[in-house]
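Spelled out from the first residue to the last, the chains are:
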Amino acid sequence: MRHTPVQDSKRGSRLQKLIQQLDDISSLTPLQKQHRINALQRMLIAFIPITLITLLVRLLFVSKWNINDYGILLAALGLNIFIYLLTRTDRYYLTIVVTIVSGALLVVYTASMSEPPHIAILYLIITPLTASIFLSLFETLVSSFVALSLLLFFGINQILPIEPLIFRNLLIIFLVLNTFIIFAGYQRNRLENERFALMRVEERSKTLEYLVNSISHDFKTPLTVISTSVNMIDKLADDERV
């Protein structure tokens with residue numbers, strides 16, 4: 001079925017509108033970047049003491065030592081501290097890339113240390129889930145791509161001895177959950193952009209109101225003087241007539 005030029009033009013405009021919407025959602029203002037960094041810092045401030053307390057409890061009360069568990073806890077603690085220090089700098093995108101990649105690799109390391117069939121590899125879904133809460137839609141998509149790539153790489157190459165049937169089920173679960181996560185991230189970013197746009201409109205309205213008040217005040221003073229002078233002249237003219 002052939003399409004007319006009008007139909008092609010409408011489809012092209014819809015595609016351009018969709019691309020523009022995705023670009024608006026993925027682009028971040030400095031205020032949005034700072035907002036995301038602050039949220040990430042709050043999460044890390046909560047995770048660091050929790051990881052440290054868990055490590056101390058295992059050291060004090062667990063009689064049987066498992067070097068793998070301690071390795072995972074120490075890696076998580078060191079990673080949280082490193083990312084927190086990175087958030088104190090002005091390198092936003094470096095912080096995001098390090099957070100996504102290192103978080104996914106930590107999950108893979110945890111899964112490799114777990115018992116077969118290494119179902120813990122499904123925890124890779126935490127990476128895009130966290131990104132959908134704290135980051136932009138584009139960063140959520142990147143996080144999903146990194147997690148899916150690692151899952152396919154370790155599953156297809158049998159680096160982790162996962163049975164094909166279990167791996168297929170894990171992959172289906174991952175894709176379904178990831179679809180909902182991306183949709184939730186899209187909606188959250190759209191609402192957030194609308195909120196920031198409303199804040200900018202309110203700021204412009206307040207600035208314009210202040211400007212109008214300032215201008216009216218500057219004009220009001222000389223107009224008052226002129227009006228007073230005219231009234232005085234009129235009064236003197238009336239007195240002279242009398």
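These remarks concern the structure in this document. This one's a predicted model, so the numbers in the text were calculated from it and none came from an experiment. (Residues numbered from 1 in each chain as written. Predicted model: local features only at pLDDT ≥ 70, side-chain atom pairs only at ≥ 80, totals over all residues. Heavy atoms only, no water.)

## Regarding the overall build of the chain
Right, so step 1: Across its full length, the chain holds seven helices and zero strands.
Right, so step 2: Along the chain, helices (α) and strands (β) appear in the sequence α-α-α-α-α-α-α when read from the amino end.
Right, so step 3: In the chain, which comprises 242 residues, the proportion classed as buried is 29%.
Right, so step 4: The contacts of the chain with a sequence gap of at least 6 include a subset with a gap of at least 24, amounting to 71%.
Right, so step 5: As displayed, the chain has an accessible area near 16,500 Å², and 69% of this comes from carbon and sulfur atoms. (Helix = DSSP H or I, 4+ residues; strand = E, 2+ residues; numbered from the N terminus. Buried < 20%, exposed > 50% of the residue type's maximum accessible area, 1.4 Å probe, protein only. Contact = heavy atoms within 4.5 Å. Areas by Shrake-Rupley, 256 points an atom, 1.4 Å probe, with all protein chains shown as cover.)

## Looking at a nonpolar patch on the surface
Right, so step 1: Taken together, the side chains of Leu-52, Ile-53, Leu-56, Val-57, Leu-59, Leu-60 and Phe-61 make up a nonpolar region of the molecular surface, amounting to roughly 700 Å² of accessible area.
Right, so step 2: On the accessibility criterion, Leu-60 (66% relative accessible area) is exposed. (Patch = residues over 30% accessible without salt bridge, like charges linked within 9 Å, V, L, I, M, F, W, Y side chains within 5 Å. Salt bridge = Lys/Arg side-chain N within 4 Å of Asp/Glu carboxyl O.)

## Looking at the packing of aromatic side chains
Right, so step 1: Going through the model one piece at a time under the given rule, you end up with two aromatic pairs.
Right, so step 2: Pairing Phe-153 with Phe-154 gives two aromatic rings, centres 5.4 Å apart and planes at 90 degrees, and the pair type is edge-to-face.
Right, so step 3: Judged by relative accessible area, which is 15%, Phe-154 ranks as buried. (Phe/Tyr/Trp six-rings, centres within 6.5 Å; stacked < 30°, edge-to-face > 60°.)

## Some remarks on the packing of helix α4 (residues 92-113) against helix α6 (residues 137-156)
Right, so step 1: Following both chains from N to C, one finds α4 and α6 inclined at 30 degrees, their axes separated by 10 Å at the closest point. Taken together, the axes of α4 and α6 lie roughly parallel to each other. In terms of crossing hand, the pair formed by α4 and α6 is right-handed. Of the residues in α6, those in contact with Tyr-92, Tyr-93, Ile-96, Ile-100, Ala-104, Leu-105 and Val-108 of α4 are Glu-139, Ser-143, Val-146, Leu-150 and Phe-154. (Axes fitted to C-alpha atoms, helices over the stretch in contact; angles between N-to-C directions. Parallel < 35°, antiparallel > 145°, perpendicular 65-115°, else oblique. Left-handed = near helix turned anticlockwise from the far one by under 90°.)

## Regarding α4
Right, so step 1: Here α4 spans 32 Å end to end across 22 residues, near enough to the 32 Å set by a 1.5 Å rise per residue.
Right, so step 2: Residues Tyr-92, Thr-95, Ile-96, Val-98, Ile-100, Ser-102, Ala-104, Leu-106, Val-107, Val-108 and Ala-111 constitute the buried set of α4. (Expected span 1.5 Å × (residues − 1).)

## Topic: the packing of helix α5 (residues 126-134) against α6
Right, so step 1: Between α5 and α6, the least distance of the axes is 8 Å, while the angle of their chain directions is 175 degrees. Regarding the angle of α5 to α6, the classification is roughly antiparallel. Contacts between α5 and α6 involve Thr-127, Pro-128, Ala-131 and Ser-132 from the former and Glu-139, Thr-140, Ser-143, Ser-144 and Ala-147 from the latter.
Right, so step 2: A per-class count over the contact of α5 with α6 returns three nonpolar, five polar and one charged. (Nonpolar A, V, L, I, M, F, W, Y, C, P; charged D, E, K, R; others polar.)

## Let's talk about the pattern of salt bridges
Right, so step 1: By the definition in use, this model includes three salt bridges.
Right, so step 2: Note that Glu-192 and Arg-188 form a salt bridge whose closest N and O atoms lie 3.6 Å from each other. A residue pair is termed a helical-turn pair when its members lie 3 or 4 positions apart in one helix, as Glu-192 and Arg-188 do in helix α7 (residues 164-241) at four residues.
Right, so step 3: Judged by its relative accessible area of 6%, Glu-192 falls in the buried class.
Right, so step 4: In this structure Arg-188 comes out as partly exposed when scored by relative accessible area, which is 23%.
Right, so step 5: Here the salt bridges do not stand alone but share partners, grouping Arg-36, Arg-188 and Glu-192 into one network.

## Some thoughts on the side chain of Thr-95
Right, so step 1: Along the chain, Thr-95 turns up in helix α4.
Right, so step 2: Exposure remark for Thr-95: the relative accessible area of 1% places this residue in the buried category.
Right, so step 3: Within the structure, the side chain of Thr-95 is placed 3.3 Å from the backbone oxygen of Leu-86, a separation counted as a polar contact.
Right, so step 4: Apart from the residues lying within four places of it in its own chain, the contact partners of Thr-95 are Ile-37, Leu-40, Leu-86, Thr-87 and Thr-89. (Polar contact = N/O pair within 3.5 Å; in protein donor to acceptor, adjacent residues only side chain to side chain.)

## Considering the nonpolar core
Right, so step 1: In this structure, Ile-121, Leu-124, Leu-151 and Phe-174 are the most contacted members of the largest nonpolar core, which totals 20 residues.
Right, so step 2: If you list the elements that add at least two residues to this core, you get α4, α6 and α7.
Right, so step 3: For this core, the leading source of residues is α7, giving five residues.
Right, so step 4: Setting aside residues up to four positions removed in sequence, Phe-174 forms contacts with Leu-122, Leu-124, Ile-125, Ser-144, Ala-147, Leu-148 and Leu-151.
Right, so step 5: Met-43, Ile-83, Tyr-92 and Ile-96 belong to the second-largest nonpolar core, a separate cluster that totals 17 residues. (Core = buried A, V, L, I, M, F, W, Y, C linked by side-chain atoms within 4.5 Å.)

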